[in-house]
Amino acid sequence: MQIPHDTRRALDVVVALVNTAAEPDQPDGLSDLSSLRGFVQEYAISDVGELGVRDLAGVRTVRGKFAQVFAAPNSRAASALINELVATAGTTPQLTDHDGYDWHVHYFAPGASVGDHLAADGGMALAFIVVSGEEERLRRCEAPDCRRAFVDLSRNRSRRYCDSRTCGNRLHVAAYRARRKEADAHGSEQEEIVDGGEQQQGADHR
């Protein structure tokens, strides 16, 4: 699946934002302004001014909306959520080549809050996925103890885990060990049956 660079980058930010949500084994990654500043810096969110409490609340709201898109049962439900996101953000498409990047489109309006910024650019990136008929690529990790979001960009839409080197390998190892344990238990049962049969035959010959 061919995705423009700026759309791919916006999708990466969407996924990262969704995955900051608190889970049973993970605290909220946006618990305070310091963590929000860290997120903005880590993902090089451009044109962000001084951040305040309202920004933190706004970004958390956008995070929840993005999470709903990943959980949407079909493209119609996903498109309704995305339309609401970009309408609320007040999108204003603009061509830009800031910071040495080639020409690309920013969808957030000049002076937009960081929440509206993320909603506009992230919402339009999600819209690209839906318009392409690829909304099923918006997934959650299938590992039973992990619900991290990811975008499946595999050729045949076969990716099941957020990270094949961690969740994927961990489950494969667990499944292998379970099969070995079952095989060993089955082998022990067969030995007991054989031993029992031999003992019975010996008794019959007495």
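Since the model is a prediction, treat every value here as computed from it, not as a measurement.

## A word on the pattern of salt bridges
Part 1: According to the stated counting rule, one finds nine salt bridges in the structure shown.
Part 2: Arg37 serves as the salt-bridge partner of Glu50, at 4.0 Å between the closest nitrogen and oxygen. Here Glu50 is found in the loop between α2 (33-42) and α3 (53-71), whereas its partner Arg37 is found in helix α2, with 13 residues between them in sequence.
Part 3: Between Glu136 and Arg157 there is a salt bridge; the shortest N-O distance is 3.1 Å. Of this pair, Glu136 sits in the loop between α5 (114-131) and β3 (138-140) while Arg157 sits in the loop between β4 (149-151) and α6 (164-204), placing them 21 residues apart in sequence.
Part 4: Residue classification places Glu136 among the partly exposed residues on the basis of a relative accessible area of 42%.
Part 5: Among the residues examined, Arg157 registers a relative accessible area of 29% and is labelled partly exposed.
Part 6: It is possible to trace a salt-bridge network through shared partners that takes in Glu134, Glu136, Arg137 and Arg157.

## Overview of α3
Part 1: Compared with an ideal rise of 1.5 Å per residue, which puts 19 residues at 27 Å, α3 spans 28 Å between its outermost C-alpha atoms and is within 8% of the ideal.
Part 2: Along α3, the residues classified as buried are Asp55, Leu56, Val59, Val62, Arg63, Phe66, Val69 and Phe70. For α3, the angular spread of buried residues about the axis comes to 130°, placing them on one side. Opposite its buried face, α3 presents the exposed residues Val53, Arg54 and Ala71, each directed more than 90 degrees away.

## What about the environment of Lys65?
Part 1: Here Lys65 is to be found in helix α3.
Part 2: For Lys65, a relative accessible area of 22% corresponds to the partly exposed category.
Part 3: When the C-alpha atoms of Lys65 and Ala119 are compared, they prove to be 8.8 Å apart, with 54 residues separating the residues in sequence.
Part 4: Other than its neighbours up to four places away in sequence, Lys65 contacts Glu84 and Leu85.

## Re the packing of helix α1 (residues 5-18) against α3
Between two packed helices, both the angle of their axes relative to each other and the distance between the axes serve to describe the pair.
Part 1: Two elements in contact, α1 and α3, have axes whose closest approach is 9 Å; the angle formed by their N-to-C orientations is 105°. Considering the angle they form, α1 stands roughly perpendicular to α3. Between α1 and α3, the contacting residues are Val14, Val15, Leu17 and Val18 on the first element and Val59, Val62, Arg63, Phe66, Ala67 and Phe70 on the second.
Part 2: Of the residues in the contact of α1 with α3, the class split is nine nonpolar, no polar and one charged.

Conventions used here
Residues numbered from 1 in each chain as written. Predicted model: local features only at pLDDT ≥ 70, side-chain atom pairs only at ≥ 80, totals over all residues. Heavy atoms only, no water. Salt bridge = Lys/Arg side-chain N within 4 Å of Asp/Glu carboxyl O. Helix = DSSP H or I, 4+ residues; strand = E, 2+ residues; numbered from the N terminus. Buried < 20%, exposed > 50% of the residue type's maximum accessible area, 1.4 Å probe, protein only. Expected span 1.5 Å × (residues − 1). Arc of directions from axis to C-beta. Contact = heavy atoms within 4.5 Å. Axes fitted to C-alpha atoms, helices over the stretch in contact; angles between N-to-C directions. Parallel < 35°, antiparallel > 145°, perpendicular 65-115°, else oblique. Nonpolar A, V, L, I, M, F, W, Y, C, P; charged D, E, K, R; others polar.

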